[in-house]
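Now for the letters of each chain:
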Amino acid sequence: MLVLRRTPLLVAICSIGALPSVAAAESSYVYCDNGLRCVMAPCPSNSALDLATGKIIKGVSIDIDGLPQEEKALGLSDKLYAGKVVVAGSIENQTQTLNGKQYTLPWLVAAGIERASRDSERGHCSSH
């Protein structure tokens, strides 16, 4: 059980430490298949365009576990593959073991679906 008291230090820690890092990390992305194919993992066959910076993150995977069920329905996999939606979320590096080796790879952790993407935002996608 967490008990909060009127302690200025606690308020300062909460407002300075935790909140800005979460807000700064989230952005909007167009995630899709980029057309590259490999014979061994890890394979950079997906990428994400960060709409805030214009940077393309290559070799990124997506984690949609945190999305509401209604956003996961309605052909979300096909829409993601083709880059047809803008995903709100953050890029996190996660360590995985593939073929007996450890790799630190980027993952787009999806927090929500914002809107349909524009043609201009899908230029890095193989289906464009």
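Reading the values: the criteria
Residues numbered from 1 in each chain as written. Predicted model: local features only at pLDDT ≥ 70, side-chain atom pairs only at ≥ 80, totals over all residues. Heavy atoms only, no water. Salt bridge = Lys/Arg side-chain N within 4 Å of Asp/Glu carboxyl O. Buried < 20%, exposed > 50% of the residue type's maximum accessible area, 1.4 Å probe, protein only. Helix = DSSP H or I, 4+ residues; strand = E, 2+ residues; numbered from the N terminus. Disulfide = S-S within 2.5 Å. Polar contact = N/O pair within 3.5 Å; in protein donor to acceptor, adjacent residues only side chain to side chain. Contact = heavy atoms within 4.5 Å. Core = buried A, V, L, I, M, F, W, Y, C linked by side-chain atoms within 4.5 Å.

A. Quick look at the pattern of salt bridges. Per the counting criterion, the structure on display carries four salt bridges. Notably, a salt bridge pairs Asp 33 with Arg 37, separated by 2.9 Å at the nearest N-O pair. Of the residues examined, Asp 33 reaches a relative accessible area of 3% and is grouped as buried. The salt bridge involving Glu 121 is made with Arg 115; its shortest N-O contact spans 2.8 Å. The buried category is assigned to Glu 121, whose relative accessible area is 9%. Residue class for Arg 115 comes out partly exposed when judged on its relative accessible area of 30%. Overlapping salt bridges, with partners in common, bring together Arg 115, Arg 118 and Glu 121 in one network.

B. Representation of unusual backbone geometry. Residue Pro 42 follows Ala 41 across a cis peptide bond; omega there is 0 degrees. Among the secondary structure elements, Pro 42 is positioned in the loop between β1 (27-33) and β2 (46-50). Phi is positive for Asn 99, close to 55 degrees, though the residue is something other than glycine. Along the chain, the position of Asn 99 falls in the loop between β5 (85-98) and β6 (101-116). You can call Asn 99 exposed: its relative accessible area is 56%.

C. Representation of the state of the cysteines within the structure. Within the structure shown, the criterion is met by two disulfides. With a sulfur-sulfur separation of 2.1 Å, Cys 32 is cross-linked through a disulfide to Cys 125. Here the disulfide of Cys 32 and Cys 125 is left-handed, its torsion about the S-S bond being about -100 degrees. Of this pair, Cys 32 sits in strand β1 while Cys 125 sits in the segment after β6, and the two are 93 residues apart along the sequence. Residue classification places Cys 125 among the buried residues on the basis of a relative accessible area of 6%. By sequence-ordered numbering of the bonded cysteines, the protein has its disulfides arranged as 1-4, 2-3.

D. Focus on the side chain of His 124. Within the secondary structure, His 124 is located in the segment after β6. Here the side chain of His 124 touches Val 30 through a polar contact of 3.1 Å, landing on its backbone oxygen. If sequence neighbours within four positions are ignored, His 124 has contacts with Val 30, Cys 32, Asp 33, Asn 34, Ser 47, Ala 48, Leu 49 and Ile 56.

E. Focus on the nonpolar core. Core analysis: the largest hydrophobic core is formed by 13 residues, its most contacted members being Tyr 31, Val 60, Ile 62, Leu 80, Val 87 and Leu 108. If near-sequence neighbours (up to four positions away) are discounted, Leu 108 is found in contact with Tyr 29, Tyr 31, Val 60, Ser 61, Ile 62, Asp 63, Val 87, Gly 89, Ser 90 and Ile 91.

These values are about where atoms sit, not about what they do.
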